[in-house]
Amino acid sequence: MEEGMELNAHEYKRATILGVVGRVDSATWSELDSALQAIIDQGQKHIILDLAGVEFLSSSGLRVLVTTMKELRKVGGEMVLAAASDRASDSINIAGLDVLFRSFPSREEAIASF
Amino acid sequence: MSLRQIRVPGRLDQIEVLCVAVDDCAREAGFDDRTRYACQLAVGEACENIVKHGYGPMRRGEILLVARASPGEIQLELRDSAPPFNPSSLPPDQPWTEDNPPVGGLGLQIMHRVMDEVSYRRRLGQNRLQMRKRLVRKPRRA
């Protein structure tokens, strides 16, 4: 059985990229939430969430995406998605949240959007 | 038809065990990768509700998955001994905007959107949630 979740962050001038690998579910969502909050606390308004390595994305994870987006929008910022795996995309689409996020096939295209 | 029964402690870290079992069941039924994942997602949401809202932090209990696979169809039943809770009714669609997107109720929405049938009964002190998913057959060309 796969291990939980791994996160890796890279800061750029235009945005911070947070890569997510593994399962984002009821057991791991709080780690993702904390990582995103830490980026926001550092003053970054633009976040790119790289979902290429996501193997499972449950409603707990989706809630983190939604609340983070809401918080960023309040300060004129945004979170976009990059390279979402089929599974991540399916979770987002099934929940009807695809209209909420701009999504790009690669990190580079996501960075260029800001 | 194949039948598998798996019992796990009602804890969040055990949900993945049941998701793997559902994946196996859906694979036997001939479902493709994406449909299998959707089934895992739906069952995961149902289990999360059982653990968080059914048992809660103060209760201990188990979740039993009864999974049946036949060509093109899976039938799943989740049994738990938490207080009565019926998730078979889809919560009313709450209109939302991009400025005020939904935060709650996503799990139930996912479950109902994935599964073709969701039903519930309370029997012998247990909640029994049944879900059924069928393969969508492509129409034959004339």
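Preceding block: the structure.
Keep in mind that this is a model prediction, so the values were computed, not measured. (Residues numbered from 1 in each chain as written. Chains lettered and ligands numbered in written order. Predicted model: local features only at pLDDT ≥ 70, side-chain atom pairs only at ≥ 80, totals over all residues.)

1. Re the overall build of chain B
As a reminder, the rule being used: Numbered from the N terminus, helices here are DSSP runs of H or I no shorter than four residues, and strands are runs of E no shorter than two. Counting other C-beta atoms within 10 Å of a residue's C-beta gives its exposure: the residue is buried at 20 or more, exposed at 12 or fewer, and partly exposed in between, where C-beta atoms are placed from the backbone. By definition, residues are in contact whenever their C-beta atoms, placed on the basis of the backbone, come within 7 Å of each other.
When helices and strands are tallied, chain B shows three helices and five strands. Taken over 142 residues, chain B has a buried fraction of 35%. Of the contacts made within chain B by residues no fewer than 6 positions apart, 67% connect residues no fewer than 24 positions apart.

2. Details of the overall build of chain A
Quick reminder of the rule: With C-alpha atoms as the basis for the radius of gyration, the globule rule is written as 2.2 Å multiplied by the number of residues raised to the power 0.38.
A count of helical and extended segments in chain A gives four helices and five strands. When the helices and strands of chain A are read in sequence order from the N terminus, they spell out β-β-α-β-α-β-α-β-α. The C-alpha atoms of chain A give a radius of gyration of 13 Å, which matches the 13 Å a tight globule of 114 residues would have. A burial count over chain A gives 42% of its 114 residues as buried. A sequence separation of at least 24 residues applies to 70% of the contacts in chain A between residues at least 6 apart.

3. Some remarks on helix H3 (residues 106–114) of chain B
Listed as buried for H3 of chain B are Leu-106, Gly-107, Gln-109, Ile-110, Met-111 and Val-114 of chain B. Looking at the buried residues of H3 of chain B, the elements they touch are helix H2 (59–74) and helix H3 (86–94) of chain A together with helix H2 (33–55) and strand E4 (117–123) of chain B.

4. Points about the pairing of strand E2 (residues 16–24) of chain A
The side chains of a regular strand alternate between both faces of the sheet. Residues and elements named next belong to chain A. Which entries qualify depends on this criterion: We call two strands paired when DSSP finds no fewer than two bridges between them.
Strand direction decides the pairing type here: strand E1 (residues 5–11) and E2, joined by seven bridges, are antiparallel. Its bridge partner being in E2, Leu-7 is matched across the sheet by Val-20. If you look at the hairpin formed by E1 and E2, you'll find four residues sitting between the two strands. For E2 and strand E3 (residues 46–57), the ladder comprises eight bridges, and the chain directions are parallel.

5. Quick look at the sheet that holds E3 of chain A
Backbone hydrogen bonds are what pair the strands of a sheet, in a parallel or an antiparallel way. Residues and elements named next belong to chain A. Using the following cut-off: Lines fitted to the C-alpha atoms define the axes, with helices restricted to the stretch that makes contact. Angles between their N-to-C directions range from 0 to 180 degrees.
Spatial ordering of the open sheet is given by E1-E2-E3-E4-E5, a layout of five strands whose pairing is mixed. Looking along the sheet, the strands with just one partner apiece sit at the ends: E1 and strand E5 (103–104). Packed onto the sheet, H2 meets E2, E3 and strand E4 (78–82) and runs at close to 140° relative to E4.

6. A look at the environment of Leu-76 of chain B
All names here are of chain B. Tracing the backbone shows Leu-76 in strand E3 (residues 73–80). Sequence-wise, Leu-76 and Val-43 are 33 residues apart; in three dimensions their C-alpha atoms are separated by 8.6 Å. Residues contacting Leu-76, with those up to four places away along its chain left out, are Val-22, Val-43, Leu-65, Ala-67, Gln-130 and Met-131.

7. Looking at the nonpolar core
Using the following cut-off: Only buried residues count toward a nonpolar core: Ala, Val, Leu, Ile, Met, Phe, Trp, Tyr and Cys, linked into one set through C-beta atoms within 7 Å.
By size, the foremost hydrophobic cluster in this structure holds 68 residues, and its most contacted members are Leu-49 of chain A together with Val-22, Cys-39, Ala-42, Val-43, Cys-47 and Val-114 of chain B. The biggest single contributor to this core is H2 of chain B, with 11 residues.

8. Some points on the interface of chain A and chain B
For clarity, the threshold we go by: Gly falls in the polar group here, along with every residue not listed as nonpolar (Ala, Val, Leu, Ile, Met, Phe, Trp, Tyr, Cys, Pro) or charged (Asp, Glu, Lys, Arg).
Facing 19 residues of chain A, the contacting portion of chain B comprises 22 residues. For the side of chain A that touches chain B, the elements supplying multiple residues, two or more each, are H2 and H3 of chain A. If you tally residues by element for the side of chain A that touches chain B, the top one is H2 of chain A, at seven residues. Classifying every residue of the side of chain A that touches chain B by side-chain character gives seven nonpolar, six polar and six charged.

9. Digging into helix H1 (residues 15–28) of chain B
Residue and element names in this part refer to chain B. Applied cut-off: A helix's residues, less one, multiplied by 1.5 Å, set its expected span.
Taking 1.5 Å as the rise per residue, H1 with 14 residues should run 20 Å; its terminal C-alpha atoms sit 20 Å apart, in good agreement. Buried residues of H1: Ile-15, Glu-16, Leu-18, Cys-19, Val-22, Cys-25 and Ala-26, and no others. Gly-30 occupies a position one or two residues after H1 and carries a positive phi of about 90°.

10. Let's talk about the packing of H1 of chain B against H2 of chain B
Axes are the key here: two packed helices are described by the angle between their axes and the distance separating the axes. Residues and elements named next belong to chain B. The condition that has to hold: Take the far helix as your reference; a near helix turned counterclockwise from it by less than a right angle gives a left-handed crossing, and one turned clockwise gives a right-handed crossing.
Direction vectors running N to C along H1 and H2 enclose 145°, while the axes themselves pass 9 Å from each other. Crossing angle aside, the handedness with which H1 passes H2 is right-handed. Judged by residue contacts, Ile-15, Leu-18, Cys-19, Val-22, Asp-23, Ala-26 and Arg-27 of H1 engage Thr-35, Arg-36, Cys-39, Gln-40, Val-43, Gly-44, Cys-47 and Glu-48 from H2. Looking at side-chain class alone, the contact of H1 with H2 contains eight nonpolar, three polar and four charged residues.

Function-wise, these values are silent; they only describe arrangement.
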